[in-house]
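A look at the structure
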Amino acid sequence: MTDSRYNVIIIGGGVVGLAFALEITRRFPRLRLLLLEKEDGVARHQSGHNSGVIHSGIYYKPGSLKARLCVSGAAAMVEFCREHGIPHSVCGKVIVATHPEELPRLEDLSRRGEANGLVGLRLVGPEELREIEPHASGLQALVVPSAGTTDYALVCEKYAELIAAHGGTVLTSAAVTGIRRDPNEIIVETARGAFSTASLINCAGLFSDRISRMAGDKPSAMIVPFRGEYYDLIPERASLVRALIYPVPDPRFPFLGVHFTRRITGKVDAGPNAVLAFAREGYRLTDVNLRDFTAALVFPGFWRMAFRHWRNACAEWYRSLSKPAFVRALQRMLPEVRESDLIPGGSGVRAQALKPDGALVDDFQFVPSGKVLHVLNVPSPAATASLTIAKAIVDTAAFLSE
Ligand SMILES: Cc1cc2nc3c(=O)[nH]c(=O)nc-3n(C[C@H](O)[C@H](O)[C@H](O)COP(=O)(O)OP(=O)(O)OC[C@H]3O[C@@H](n4cnc5c(N)ncnc54)[C@H](O)[C@@H]3O)c2cc1C
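So, how was this worked out
- Residues numbered from 1 in each chain as written.
- Predicted model: local features only at pLDDT ≥ 70, side-chain atom pairs only at ≥ 80, totals over all residues.
- Heavy atoms only, no water.
- Helix = DSSP H or I, 4+ residues; strand = E, 2+ residues; numbered from the N terminus.
- Phe/Tyr/Trp six-rings, centres within 6.5 Å; stacked < 30°, edge-to-face > 60°.
- Buried < 20%, exposed > 50% of the residue type's maximum accessible area, 1.4 Å probe, protein only.
- Lys NZ or Arg CZ within 6 Å of the ring centre and 35° of its normal.

With that settled, the discussion passes to unusual backbone geometry. With an omega dihedral of -10°, the bond running from Gly-271 to Pro-272 counts as a cis peptide bond. Within the secondary structure, Pro-272 is located in the loop between strand S16 (268–271) and strand S17 (275–276). Even without being glycine, Ser-173 reaches a positive phi, approximately 55°. Secondary-structure assignment places Ser-173 in the loop between strand S9 (169–171) and strand S10 (176–181).

In structure tokens:
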């Protein structure tokens, strides 16, 4: 027995699930679409706990999904914000090399950005860097004009409003607890009843691997939660940062290193770091979920990753536990910043897919299984790229037709 029948059900009311729902309701107005979210509102996890940066696409391997979808996605996000009156700013950013060994990596980034189709990239020396960011210091900096900021929680609310306007339904407080696949339909059990659907899209973020198993599939990777912790610059010192100041990232690691972000509200924060969380929704150091933690410990890839990245992991933990160490990392780019300028800010938890061989999945990953599509790895820049991710995947999803 089910309460209702749908053509498409989407699990997850984050920016990716909502973007899929928006794309489908716009393109196929006759399809009955239901989006299920376990929290009592949208954007309660990654999509509402991020840096709010509209990434340019400079970091990603040319030809990768991230590179293709981020560059076009950034333009689409700016256009969406403009069209719907969502606060945003194309403020540009600087990536600052502070050690001689970072200089070739900065040049590589510049070449990568050009290969990805970015325009206006410029390598500048310390004087010109100071004209752009008067308090920043470095040997050389790469200026990326197309980077910007917005508020992805507001973007999600607008997506949800438009989905409803196009005839779709967003149902909150509806945690999915079971999935049954029959020959002609898929039954999705939730805290608010059971629903039947012809096709299902799993956009459950930190739980996407568990939903995949619930649907009877065997995900090739496991989601590992990495908490990102922020400090806020006190308002009196927010003038130290005009826009976005980033370090040169470590190419062996998928995270960008602690940086400064002037949010669209004017608040400036520093972070996020990347420490392993002991719970998938572990926003605080003390949040521990035994199921999540033991599942990670028994996954062979976890120990291989630990062996491969232990140095980096220790450095991240040290910076998490020691404010002076966190501040020292920031002072490389902004020497005037002091411990007393920073107060603890928020945090977010990234869903990062990990393979059994210990490698972190680098690119976006979408895994079709009959009439089910699992969105298994959509870390940053997926908020930026959400509109183009949805468009590109719906373009190829043969099972979605009227
Ligand atoms: C600290 C941090 C900083 C970041 N900075 C940026 C940035 O500046 N720019 C950028 O582009 N990207 C950034 N990202 C990445 C970006 O936020 C994510 O890629 C994006 O939000 C992923 O969206 P999502 O919809 O897949 O996941 P989520 O937003 O996590 O949504 C998944 C949803 O599924 C729901 N769900 C889970 N299980 C169930 C269930 N059983 N039943 C029903 N619902 C369920 C959850 O409640 C959740 O709402 C950052 C991420 C973090 C954590």
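Now that the structure has been shown, we can carry on.
The subject of this paragraph is the packing of aromatic side chains. Under the definition given, this model contains nine aromatic pairs. Arranged with centres 5.1 Å apart and planes meeting at 55°, the rings of Phe-226 and Phe-255 form a pair that is tilted. Of this pair, Phe-226 sits in strand S13 (residues 222–233) while Phe-255 sits in the loop between strand S14 (244–247) and strand S15 (259–262), and the two are 29 residues apart along the sequence. Comparing Phe-226 with Phe-255 shows no difference in burial state: the two are buried. Between Phe-278 and Phe-293, the aromatic rings sit 5.0 Å apart at their centres with planes inclined by 70°, giving edge-to-face as the arrangement. Of the two residues, Phe-278 is situated in the loop between S17 and helix H7 (290–298) and Phe-293 in helix H7; the sequence distance between them amounts to 15 residues. On the basis of relative accessible area, Phe-293 is assigned to the partly exposed category, the value being 25%. Joined through ring pairs, the aromatic side chains of Phe-226, Phe-253 and Phe-255 make up one cluster. Of note, Arg-32 hangs over the ring of Tyr-6, and the distance from its end group to the ring centre comes to 4.4 Å. Seen from the ring of Tyr-246, Lys-93 lies directly overhead, with NZ or CZ sitting 3.5 Å from the centre.

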